[in-house]
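# Report on the structure
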Amino acid sequence: MGNPNLEELRAQVDALNIEVLEAINKRANLVQEIGKIKGMQGVIRFDPVRERQMLNAITDANKGPFEDSTIEKLFKEIFKAGLELQEDDNSKALLVSRKNKKEDTIVPVNGVPIGNGTPTFVFGPCSVESYEQVATVAGAVRDKGLKLLRGGAFKPRTSPYDFQGLGVEGLQILKRVADEFGLGVISEIVTPRDIEVALDHIDVIQIGARNMQNFELLKAVGQVDKPILLKRGLSATIEEFVGAAEYIMAQGNSQIILCERGIRTYEKATRNTLDISAVPILKQETHLPVMVDVTHSTGRKDLLLPCAKAALAIGADGVMAEVHPDPAVALSDAAQQMNLKEFDAFWEEILKSKLVPENIQ
Ligand code: PEP
Ligand code: MN
């Protein structure tokens, strides 16, 4: 007799582990049954009053050695796991998620299929400043055989005293240039009020980083028949970014392009931190095309090319960058826009990189 030895104690613990396992799985089966009944009755599954009653009954019966607080914590975990089991996989799958739709969504803009496996490019000034300014960049874009142009008419600026954009006049300039040069145009809209005028003037409505969680704006652009380029918020998690896209799609608009544009971190060497791994994560978790804005993510001209290459190598569907005929006098983002010569050099390097097929658009 005497004290059981270590081996025996361990054998008892092993046996108890299996008993606990069987008990929690038996509980899970019952919880699933309850879930089915609640589902049929349309009752909300989580019931805090019932949880409190269960926890009280358990702690009342607790004879130790565990403290009541420890027992509560352990059982809360068991309850949570049970609830998750109740949640039907389908109701968890978002409209934008791969679980919901396996095939890639392709968003055609001006004849360019965005998201079909061939990378696409969007260049243009930060802000629309004049017809001549936009037309000059448009010429450089067209000369490269490219089909997409960007330019901001409504600029969400940090200071209310900074240039706010030309507004509707800017959209008119974009339309005129787009028609003359055969380009598709992407431009930011900052309020539901301007969506209607945008529909007549541009090909893609951009929702900027500062508005990624402007839910009324997201819902409003979800109701139109126009592609949306949704930029990641300044400090948005991937989950929040995906949630924002879901807001748009839930209203019926599935033509959404996601755009990683860098997030705010402690790093000061770049304007933002390009979260390059967000690209494959978004590609895996959603069926939407993913672009990378190398201008706003870096804020540095010397990083545009390496970051564009990184974006293409990691599977981005497109790259966006700002180009201005005379960046030194640009009304916004003067430091980070490429001039036309730099644009040519950038493009030559992209073509040389073999990351894009020949006759790219
Ligand atoms: C822009 O693309 O013009 C812009 C303002 O970008 P972001 O919203 O990403 O800052
Ligand atoms: Mn800009």
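An unreviewed UniProt entry annotates the chain as Chorismate mutase originating from Listeria booriae.

### Looking at empty space enclosed by the protein
Across all of its chains, the model carries one cavity of 30 Å³ or more by this definition. Size it by volume and the largest cavity reaches roughly 30 Å³. A per-element tally of the lining of the largest cavity places strand β5 (residues 184-188) first, with three residues. Its residues placed into classes, the lining of the largest cavity shows one nonpolar, four polar and three charged.

### Things to note about the coordination of the manganese ion (ligand 2)
The coordination sphere of the manganese ion (ligand 2) contains the protein donors C126 (SG), H296 (NE2), E322 (OE) and D333 (OD), at a distance range of 1.9 to 2.3 Å. Between consecutive donors of the manganese ion (ligand 2), the numbers of intervening residues give the motif C-x169-H-x25-E-x10-D. Separated by 26 residues along the polypeptide, H296 in helix α11 (residues 294-298) and E322 in strand β10 (residues 318-322) bring together distant segments of the chain. Looking at H296, the relative accessible area reads 8%, which means it is buried. Given a relative accessible area of 1%, E322 falls into the buried group.

### Here's the deal with the site of ligand 1
Taken together, the residues surrounding ligand 1 are R150, K155, E188, Q206, G208, A209, R210, K231, R261 and H296. Interatomic distance of 2.7 Å between a side-chain N/O atom of R150 and an oxygen atom of ligand 1. Interatomic distance of 2.9 Å between a side-chain N/O atom of K155 and an oxygen atom of ligand 1. Calculation on ligand 1 without its partners gives an accessible area of 290 Å², and the protein chains cover 96% of this total. Looking at the shell around ligand 1 residue by residue, the class counts come to one nonpolar, three polar and six charged.

### Here we look at the pairing of β10
Burial runs high along β10: five of the five residues are buried. Direction of pairing for strand β3 (residues 120-124) relative to β10: parallel, over a ladder of five bridges. Bridging across to β10, T120 finds its partner in G318. Sheet analysis places strand β9 (residues 290-293) next to β10, joined by three bridges and oriented parallel. Following the sheet pairing, V292 is matched in β10 by V319.

### Considerations on helix α12 (residues 304-313)
Looking at α12, one finds that the buried residues are L304, L305, C307, A308, A311 and L312. Considered in projection along α12, the buried side chains sweep an arc of 165° and stay on one side of the axis. Structurally, α12 contributes buried residues whose contacts are with β3, β9, α11, β10 and α13 (340-352).

### So, the UniProt feature "coiled-coil region" (unreviewed entry) in the chain
On the UniProt side, "coiled-coil region" (unreviewed entry) is annotated at positions that read residues 6-33 here. Here residues 6-33 runs as 100% helix and 0% strand, with 41 Å between its end C-alpha atoms.

### Structural notes on the side chain of K144
Looking at where K144 falls in the secondary structure, it is placed in the loop between α5 (131-143) and β4 (148-150). Only 3.2 Å separates the side chain of K144 from the backbone oxygen of A140, close enough to count as a polar contact. Residues contacting K144, with those up to four places away along its chain left out, are F343, D344, W347 and I360.

Parameters at a glance
Residue indices begin from 1 for each chain and proceed along its sequence in written order. Here chains are named by letter from A upward and ligands by number from 1 upward, in the order in which they appear as written. Where totals are concerned, whole chains, interfaces and linings use all residues; where local detail is concerned, this predicted model gives features only for residues with pLDDT of at least 70, and gives and counts side-chain atom pairs only at 80 or more. The basis for the side-chain values is all heavy atoms of the structure; hydrogens and waters are excluded. Cavity means a closed set of points on a 1 Å grid over the protein atoms alone, one where a 1.4 Å probe fits but cannot get out, pocket means an open set with protein on both sides within 12 Å along at least 5 of 7 lines, and lining means a residue has an atom within 4 Å of a point. Grid points are joined across faces, edges and corners, and a volume is the space filled by probe spheres set on the points. Here a helix means four or more residues in a row that DSSP labels H or I, a strand means two or more in a row labelled E, and each is numbered from the N terminus. In the scheme used here, Gly and all other residues not listed as nonpolar or charged are polar, with Ala, Val, Leu, Ile, Met, Phe, Trp, Tyr, Cys and Pro taken as nonpolar and Asp, Glu, Lys and Arg as charged. Note on donors: an N, O or S atom is included if it sits within 2.8 Å of the metal, or within 3.2 Å for Na, K and Ca, and water is never included, so sites can look incomplete. The classification of residues rests on relative accessible area computed with a 1.4 Å probe and restricted to protein chains. Under 20% of the type maximum is buried, over 50% is exposed, and intermediate values are partly exposed. Any residue with a heavy atom lying within 4 Å of a molecule or strand is counted as near it. What qualifies as a polar contact is a pair of N or O atoms within 3.5 Å, subject to a donor-acceptor requirement within protein and to the restriction that residues adjacent in sequence count only when both atoms come from side chains. Here the accessible surface of atoms and residues is derived via Shrake-Rupley with a 1.4 Å probe, and residues count as covered only by protein chains that are part of the display. What makes two strands pair is DSSP finding at least two bridges between them. Summarising the geometry, the arc corresponds to the directions from the helix axis toward the C-beta atoms. We call two residues in contact whenever any of their non-hydrogen atoms come within 4.5 Å of each other. UniProt positions are given in the numbering used here, feature names are shortened, and annotations may be inferred rather than shown by experiment.

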